[in-house]
Amino acid sequence: MDKIEITGGKPLNGSIEISGAKNAALPLIITSLLTPDTLTLKNVPNLRDVNQLTKILGNHGTDLAVDGKRASGNKYIGETMHLTSRDIVDTTAPYEMVSTMRASFWVLGPLIARCHQAKVSLPGGCAIGTRPVDLHLQGLEDLGATIDLEDGYVIAKAPGGLKGGRVRFQKVSVGATINVLMAATLAKGETIIENAAVEPEIGDVANCLVKMGAKIEGIGRKTLQIQGVDHLEGAVHTVLPDRIETGTFLMAVAATGGDVILKGAVPDTLTAAIEVLKEAGVEIEEVSAGLRVSRKNGALKPIHVETQPHPGFPTDLQAQLMALMTIAEGRSVIRETIFENRFMHVQELARLGANISLNGDTAIIEGVKELRGAPVMATDLRASVSLVIAGLVASGKTQINRVYHLDRGFEKIEEKLGNCGAEINRVSE
Ligand code: UD1
């Protein structure tokens, strides 16, 4: 299993190209199940989760070509994907395929919308809380599906097709919003989704669906209105830049010091995180290429933050912010309101010398003068990258084990950081 070794203490200088957003690419790939025509996606990041999802779609009958070449079972290596789901040959998404990645559960909406039936294993993904799917199922029931749970599978049926309906989510959920939105595009009549999530990735998916012929009003707002259509067509769509990767590099530079341009970054998608970093004393400015981040001198100021659905501070940047605050001057407080078990990085950061105490959903971070390198273990996707940030500032060598978590969501991270002066290497065993 691969490891990452970092010798910390080097500032980051240079430029980094931001990749396409994982959390947009995954549902965009899934939308291809809604049409027999070819969906072309550009700027798709080369990630483990993307690879895994293309295998799941292959099982349903989707034909994949990457940069014009057939995938033929080899690893996906390009950036432009052509996905054609001419016939759905299997409406079952089996446990072995779905269990490693939660987003694969989102095939449920498109399958039931197009084929009127689906059998999808309950999902896996990062172990960051119970992560139920009740909102997804309730939403699909509101569109007329009958749902049964059997042996760890969701069995959904809608003989005669889904019918538009009113869906009011009790809680804001990215996945449930996307699942129901995709399903509603092919339902008969009008669907209203209230209390929808407004993460930029949902807007990206909705915009792609519109290109495919879907009728959606209210994109980017908390109420979505969808007029069902008979069929969707192919389209060409470019995946939006990854705001979580952007925020992660902002924090890495804030931690090490230096001056870096994040090319292609879209500041509007991470306003809350930029504000928090500015409050901490990090210099961030919009430039024509994207964002410029620097910290040349002066200690980091501590912050008080709680995670919230978009446009609030994202839970997917909580671990990275915590890594940064371990070296701030004073006490920071970070409250995690989205996932109940998303503090697994705390004990690993402690191994590097961080002083963090937990009280329920709140972490109290007392800034220390320095972190010291040590072997640590990646536990989930965002937690892993918080260890990379900590390793970049720690004195001496940090070895991060179980980096497959990192490979699920961060493209070429060693190369991107290495090009800016970090001493970071992958060790394959
Ligand atoms: C997505 C993102 C993930 C991010 C999360 C929150 C992808 C692939 N993943 O995950 O990176 O951390 O949004 O921004 O885009 N919930 C329920 N019932 C449900 C569904 C969710 O109670 O049926 C709860 C969850 O347990 C959690 C909260 O709602 O407490 C938000 O989860 P949700 O927005 O659904 O997260 P995901 O879509 O899984």
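About the thresholds
Residues numbered from 1 in each chain as written. Predicted model: local features only at pLDDT ≥ 70, side-chain atom pairs only at ≥ 80, totals over all residues. Heavy atoms only, no water. Near = heavy atom within 4 Å. Polar contact = N/O pair within 3.5 Å; in protein donor to acceptor, adjacent residues only side chain to side chain. Areas by Shrake-Rupley, 256 points an atom, 1.4 Å probe, with all protein chains shown as cover. Helix = DSSP H or I, 4+ residues; strand = E, 2+ residues; numbered from the N terminus. Nonpolar A, V, L, I, M, F, W, Y, C, P; charged D, E, K, R; others polar. Domains from an automatic or database assignment. Contact = heavy atoms within 4.5 Å. Buried area = accessible area lost by both parts, 1.4 Å probe. Salt bridge = Lys/Arg side-chain N within 4 Å of Asp/Glu carboxyl O. Phe/Tyr/Trp six-rings, centres within 6.5 Å; stacked < 30°, edge-to-face > 60°. Lys NZ or Arg CZ within 6 Å of the ring centre and 35° of its normal. Axes fitted to C-alpha atoms, helices over the stretch in contact; angles between N-to-C directions. Parallel < 35°, antiparallel > 145°, perpendicular 65-115°, else oblique. Left-handed = near helix turned anticlockwise from the far one by under 90°.

Peer 1: What exactly am I supposed to notice about the site of the ligand here?
Peer 2: Neighbouring the ligand are 20 residues; R102, D134, S173, D316 and I338 lie closest to it. Side-chain polar atom of K171 to an oxygen atom of the ligand: 3.3 Å apart, as the coordinates give it. One of the backbone N or O atoms of V174 is found 2.7 Å from an oxygen atom in the ligand. Here the ligand has 740 Å² of accessible area as a free molecule, and 91% of this is covered by the chains. Per element, the largest residue contribution to the shell around the ligand is three residues, and it comes from helix α5 (residues 134-142). The residue makeup of the shell around the ligand, split by class, is nine nonpolar, five polar and six charged. Lining the shell around the ligand are residues from two domains, each supplying at least three of them: domain 1 (3-17 + 241-427) and domain 2 (25-236).

Peer 1: How should the domain arrangement of the protein chain be read in this particular structure?
Peer 2: The accessible area lost on association of the parts is a frequent measure of interface size. In terms of domain boundaries, the protein chain breaks down into domain 1 (3-17 + 241-427) and domain 2 (25-236). Relative placement of domain 1 and domain 2: their C-alpha centres are 31 Å apart. Tallying the contact residues gives 18 residues for domain 1 and 17 residues for domain 2. Carbon and sulfur atoms supply 56% of the area buried between domain 1 and domain 2, which totals about 1,700 Å² over both sides. Among the residues domain 1 hides against domain 2, the three largest losses belong to H310, R408 and E411. Together they make up 38% of the total. Summed over the shared surface of domain 1 and domain 2, the result is two salt bridges. Linking E201 and R243 is a salt bridge whose minimum nitrogen-to-oxygen distance equals 2.7 Å.

Peer 1: Can you walk me through the packing of aromatic side chains in this structure?
Peer 2: Centre-to-centre distance and the angle between the planes together describe a pair of aromatic rings. Scanning the entire structure with this criterion turns up zero aromatic pairs. Against the face of Y153 rests K119, its NZ or CZ located 4.9 Å from the ring centre.

Peer 1: For this particular structure, what's the right way to read the packing of helix α4 (residues 108-115) against helix α6 (residues 174-185)?
Peer 2: A pair of packed helices can be characterised by two numbers: the angle between their axes and the separation between those axes. Where α4 contacts α6, the two axes come as close as 7 Å, and the packing angle between them is 15°. As the angle between them shows, α4 and α6 are arranged roughly parallel. Crossing angle aside, the handedness with which α4 passes α6 is right-handed. From α4, L108, G109, P110 and A113 reach across to α6, where they touch N179, M182 and A183. Of the residues belonging to the contact of α4 with α6, the class tally is five nonpolar, two polar and no charged.

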